[in-house]
Amino acid sequence: KGLLRNILVVVQFSSAIFLMIATIFVLKQLKYMQKQDPGYNREQIVNIPLDGITSRKYDQFRNALSGNTLVEGVTASQDILGSHLDQTGVEFRPHNGPKQQLGTTLLVVDTNYLSLYKIKLAAGKNFSGDTARDAKQYIVNEALAHELLKDHPKAPVSSLIGERFGFDSLGTIVGVAKNFNFNSLQYKIEPLFIISARKFGFRDVSIKINGSRTTEAVAFIKSKWSSVYPDYPFAYQFLDDHFNEVY
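Quick caveat, the model's predicted, so the values are computed rather than measured. (Residues numbered from 1 in each chain as written. Predicted model: local features only at pLDDT ≥ 70, side-chain atom pairs only at ≥ 80, totals over all residues. Heavy atoms only, no water.)

**Section: the overall build of the protein chain**
Working step 1: A count of helical and extended segments in the protein chain gives six helices and eleven strands.
Working step 2: The buried share among the 247 residues of the protein chain stands at 43%.
Working step 3: Long-range pairs, those at least 24 residues apart, make up 77% of the contacts in the protein chain between residues at least 6 apart in sequence.
Working step 4: Carbon and sulfur atoms form 54% of the exposed surface of the protein chain, whose accessible area is close to 13500 Å². (Helix = DSSP H or I, 4+ residues; strand = E, 2+ residues; numbered from the N terminus. Buried < 20%, exposed > 50% of the residue type's maximum accessible area, 1.4 Å probe, protein only. Contact = heavy atoms within 4.5 Å. Areas by Shrake-Rupley, 256 points an atom, 1.4 Å probe, with all protein chains shown as cover.)

Structural data, given as structure tokens:
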């Protein structure tokens, strides 16, 4: 019995040491991921969910927030970065090859989304002009660009600018975004295209606030929300907190 008891004590002690080491390792990994550059700015950004009704007054809400030094920018999208993004099928019709059908990740945004999040372009330009809001302009990330150019591996990603791409009513590729982690850093960056199409609707507002006046900024946003949406409760989350939950 004494020998068995000693063995159990050793096993329990060893297990405790193993768990402590594993916990320290995991915490270090989480801190490492949280400190990595995701390829866009996520500091001092407040996210507010929209639904089928509140999204109809998005322009009114955005305009109510503009012109105040507490708010540095307002944009919208269908999904929050770091959450599950939708998959869809698209068509690519290069001028120098057969058309391709492929499935990829989709991010529907307002025209100023890349500017607010400081997502950089590797080639081309941001959404602009009259066709920017009607699903006629597409921006692909570098991962998707390389997939589209798989038959021409030496071609630069800039060669995709102006090529026909999209849904049944094809638009054109106007830009190639540098890869950014739209999912958690735990996952590799997958092919993605970004489209500005208000007809699809928005489910999230992103507000870049003055970081030195956070409390005032949130109070200001709440007051404008209550003014535009008096029958809907105000709910928000900082994007950094969202990513902390993800990790």
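**Concerning the layout of surface pockets**
Working step 1: Taken as a whole, the largest pocket spans an internal volume of roughly 160 Å³.
Working step 2: Residues that form the lining of the largest pocket fall into these classes: seven nonpolar, six polar and two charged. (1 Å grid on protein atoms, 1.4 Å probe; cavity = no way out; pocket = protein on both sides within 12 Å on 5 of 7 lines; lining within 4 Å. Points joined across faces, edges and corners; volume = space filled by probe spheres on them. Nonpolar A, V, L, I, M, F, W, Y, C, P; charged D, E, K, R; others polar.)

**Thoughts on the pairing of strand β4 (residues 100–109)**
Two faces belong to every sheet, and in a regular strand the side chains alternate between them.
Working step 1: Most of β4 is tucked away: eight of the ten residues are buried.
Working step 2: With six bridges joining them, strand β3 (residues 87–93) and β4 adopt antiparallel strand pairing. The partner of Glu91 across the bridge, within β4, is Gln101.
Working step 3: Linking two consecutive strands that pair antiparallel, namely β3 and β4, is a turn of six residues. (Pairing = 2+ DSSP bridges.)

**Topic: the environment of Leu81**
Working step 1: Topologically, Leu81 is positioned in the loop between β2 (71–77) and β3.
Working step 2: In the structure, Leu81 is positioned 39 residues away from Arg42 in sequence and 9.2 Å away in space, judged by C-alpha atoms.
Working step 3: Discounting chain neighbours no more than four positions away, the residues touching Leu81 are Tyr40, Leu107, Tyr113, Tyr117, Phe180, Phe182, Leu239, His242 and Phe243.

**Quick notes on the nonpolar core**
Most often, soluble globular proteins have nonpolar side chains that are buried together.
Working step 1: In terms of nonpolar packing, the biggest core is built from 44 residues, with Ile48, Phe61, Phe165, Phe193, Ile207 and Ile221 touching the most fellow members.
Working step 2: Broken down by element, the residue count for this core peaks at six residues, all from helix α5 (residues 214–228).
Working step 3: Ignoring any residue separated from it by four or fewer positions in sequence, one finds Phe165 in contact with Val90, Glu91, Phe92, Tyr138, Val140, Leu144, Leu148, Leu170, Gly171, Thr172, Ile173 and Phe193.
Working step 4: Counting residues in hydrophobic clusters, the runner-up holds 22 residues, among them Tyr40, Ile45, Ala132 and Ala177. (Core = buried A, V, L, I, M, F, W, Y, C linked by side-chain atoms within 4.5 Å.)

**A look at the packing of aromatic side chains**
Working step 1: Summed over the entire model, instances satisfying the criterion amount to 18 aromatic pairs.
Working step 2: Ring centres of Tyr40 and Phe180 lie 5.9 Å apart, and the angle between their planes is 85 degrees; on these two criteria the pair is classed as edge-to-face. Pair noted here: Tyr40 is in the loop between α1 (2–35) and β1 (45–49) and Phe180 is in the loop between β8 (171–177) and β9 (192–197), with a separation of 140 residues, a long-range link. The pair Tyr40 / Phe180 is uniform in exposure class, with both members buried.
Working step 3: Arranged with centres 6.0 Å apart and planes meeting at 80 degrees, the rings of Tyr236 and Phe238 form a pair that is edge-to-face.
Working step 4: The rings of Phe61, Trp225, Tyr229, Phe234, Tyr236 and Phe238 are connected pair by pair, giving a single aromatic cluster. (Phe/Tyr/Trp six-rings, centres within 6.5 Å; stacked < 30°, edge-to-face > 60°.)

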